[in-house]
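# Secondary and tertiary structure notes
Take a look at the letters that make up each chain.
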Amino acid sequence: MDVDYRLAFNMAPVGLCLSRNRAIVDCNQQLCDMFGSSRELLIGQSFQVLYPSADEYERLGARMAPILNAKGHYADDRIMKRASGEVFWCHVTGRALNRDAPHESGIWAFEDLSSQRPVKAELTAREREVAARLLDGMTSKEIGKALLISHRTVEIYRARLMRKYKASTTADLVHKLMAGA
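All values derive from a computational prediction rather than experimental measurement.

Our focus in this paragraph is the layout of surface pockets. Of the voids in this model, the largest pocket is the one considered here, and its volume is about 260 Å³. What lines the largest pocket is a set of 13 residues, and nearest its centre among them are Ile67, Tyr74, Ala75, Asp76 and Arg133. Among the secondary structure elements, those contributing two or more residues to the lining of the largest pocket are helix 4 (54-71), strand 3 (73-81) and helix 5 (125-135). Class assignment for the residues of the lining of the largest pocket results in six nonpolar, one polar and six charged.

The following block contains the structure:
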């Protein structure tokens, strides 16, 4: 059986992207549709164009590198940004082709979670990071360690999220974040 890898890449049901030094080398139509851009506009661009802010791009890149270095792969749910400026929840999974230089080259899959988890409140970059980790079931101490901030600072962000989502408990907040309420 002949396998047409290019066709498989182009027709995959998720957004796929090949990267080199955190820039897009190639991508499929599903990724273009998801981010509301064309292949011609995305190829050669830094992944930064897909993030809500330059700060989030930098922080996440720094946090991913040691994980990619140790495991060779990385996955998380995060808020990304379409070309229109609309933000949305996205599951991102990637693999470094060279663990010793994790950002040198890789392959990434993007799955749009907006139908299951719409973004309803305007969140700051740090609130988005805390929300993503709350959805992973992390405690304030674990989130603080992961984000290199104190657990008390995490609790302040969690309290802000609870106000914005009108949640009475952390469990209620997680439920509302997942439902996009």
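Between two aromatic rings, the relevant description is the distance of the centres plus the angle of the planes. On inspection of all chains with the given rule, the structure shows four aromatic pairs. Ring centres of phenylalanine 35 and phenylalanine 110 lie 5.8 Å apart, and the angle between their planes is 85 degrees; on these two criteria the pair is classed as edge-to-face. With a gap of 75 residues between them, phenylalanine 35 in helix 2 (residues 29-35) and phenylalanine 110 in strand 5 (residues 105-112) connect regions that are remote in the sequence. Judged by centre distance (5.6 Å) and plane angle (75 degrees), the ring pair of tyrosine 51 and tyrosine 57 falls under edge-to-face. Residue tyrosine 51 shares its accessibility class with tyrosine 57, and that shared class is buried. Connected via pairs of aromatic rings, a cluster forms that spans Phe35, Phe47, Phe88 and Phe110. A cation sits over an aromatic face here: arginine 22 above tyrosine 57, 3.7 Å from the ring centre. It is arginine 82 that lies over the ring of phenylalanine 88; its NZ or CZ is 3.9 Å from the centre.

Pairing is antiparallel in the open sheet, where five strands are placed in the order 2-1-5-4-3. Among the strands making up the open sheet, the edge pair consists of strand 2 (23-27) and strand 3. Going across the sheet, the axis of each strand differs from the next one's by a mean of 30 degrees, ignoring polarity. For strand 3 and strand 4 (residues 87-96), the ladder comprises nine bridges, and the chain directions are antiparallel. Bridge assignment links histidine 73 to a residue of strand 4, and that residue is arginine 95. Against the sheet, helix 4 engages strand 3, strand 4 and strand 5, with an angle of about 160 degrees to strand 3. Packed on one face of the sheet, helix 5 meets strand 3 and strand 4 and runs near 70 degrees to strand 4.

What follows covers the environment of serine 84. Checked against the element boundaries, serine 84 lands in the loop between strand 3 and strand 4. Expressed as a C-alpha distance, the spacing of serine 84 and leucine 113, which sit 29 residues apart in the sequence, is 17 Å. Among the polar contacts listed, one links the side chain of serine 84 to the backbone nitrogen of glutamate 86, at a separation of 3.3 Å.

Structurally, arginine 22 is set in the loop between strand 1 (15-20) and strand 2. Buried charged residue arginine 22 carries no salt bridge. Nearest counter-charge: glutamate 58, at 4.8 Å. Non-local contacts of arginine 22, meaning those with residues more than four positions away in its chain, are made with Gln45, Ser46, Phe47, Tyr51, Tyr57, Gly61 and His103.

This structure, assessed with the given rule, holds 12 salt bridges. Between arginine 128 and glutamate 56 there is a salt bridge; the shortest N-O distance is 2.5 Å. In this pair, arginine 128 sits in helix 5 while glutamate 56 sits in helix 4, placing the two residues 72 residues apart along the sequence. Across the pair, exposure class does not vary: arginine 128 and glutamate 56 are buried alike. The closest approach of N and O atoms between aspartate 112 and arginine 82, which form a salt bridge, is 3.1 Å. With aspartate 112 in strand 5 and arginine 82 in the loop between strand 3 and strand 4, the pair connects residues that are 30 residues apart, well separated along the chain. Classification of arginine 82 as buried rests on a relative accessible area of 12%.

What counts, and at which threshold
In this convention, every chain numbers its residues from 1, walking through the sequence in written order. Per-residue local features of the predicted model are confined to residues with pLDDT of at least 70, and side-chain atom pairs are confined, for both listing and counting, to 80 or more; whole-chain, interface and lining totals are unaffected and use all residues. Side-chain measures here rest on the full set of heavy atoms in the structure, leaving out hydrogens and waters. For cavity detection a 1 Å grid was placed over the protein atoms alone, and a set of points counts as a cavity when a 1.4 Å probe fits there but cannot get out; an open set counts as a pocket when protein lies on both sides within 12 Å along at least five of seven lines, with lining residues being those that have an atom within 4 Å of a point. Grid points are joined across faces, edges and corners, and a volume is the space filled by probe spheres set on the points. Numbering of helices and strands starts at the N terminus; helices are DSSP runs of H or I of at least 4 residues and strands are runs of E of at least 2. Basically, the charged four are Asp, Glu, Lys and Arg, the nonpolar ten are Ala, Val, Leu, Ile, Met, Phe, Trp, Tyr, Cys and Pro, and anything else, Gly included, counts as polar. Any two of the Phe, Tyr and Trp rings considered here, Trp counted by its six-membered ring, make a pair once their centres fall within 6.5 Å; the pair's planes then place it as stacked at under 30 degrees, edge-to-face at over 60, or tilted in between. Relative accessibility under 20% of the residue-type maximum defines a buried residue, over 50% an exposed one, and the middle range a partly exposed one, all with a 1.4 Å probe and only protein chains included. Think of it as a cone above the ring: NZ of Lys or CZ of Arg counts as a charge over the ring if it is within 6 Å of the ring centre and within 35 degrees of the ring normal. Pairing between two strands is assigned when DSSP locates at least 2 bridges connecting them. Only C-alpha atoms enter the line fits that serve as axes; for helices the fit covers just the stretch in contact. Angles between N-to-C directions range over 0 to 180 degrees. Residues are treated as being in contact if the distance between any of their heavy atoms lies within 4.5 Å. Polar contact criterion, stated in full: a pair of N or O atoms within 3.5 Å, where within protein one must be able to donate a hydrogen and the other to accept it, and residues adjacent in sequence count only if both atoms are side-chain atoms. Counted as positive: Lys and Arg. Counted as negative: Asp and Glu, with His and the chain ends omitted from the count. A pairing counts as a salt bridge when a side-chain nitrogen of Lys or Arg comes within 4 Å of a carboxyl oxygen of Asp or Glu.

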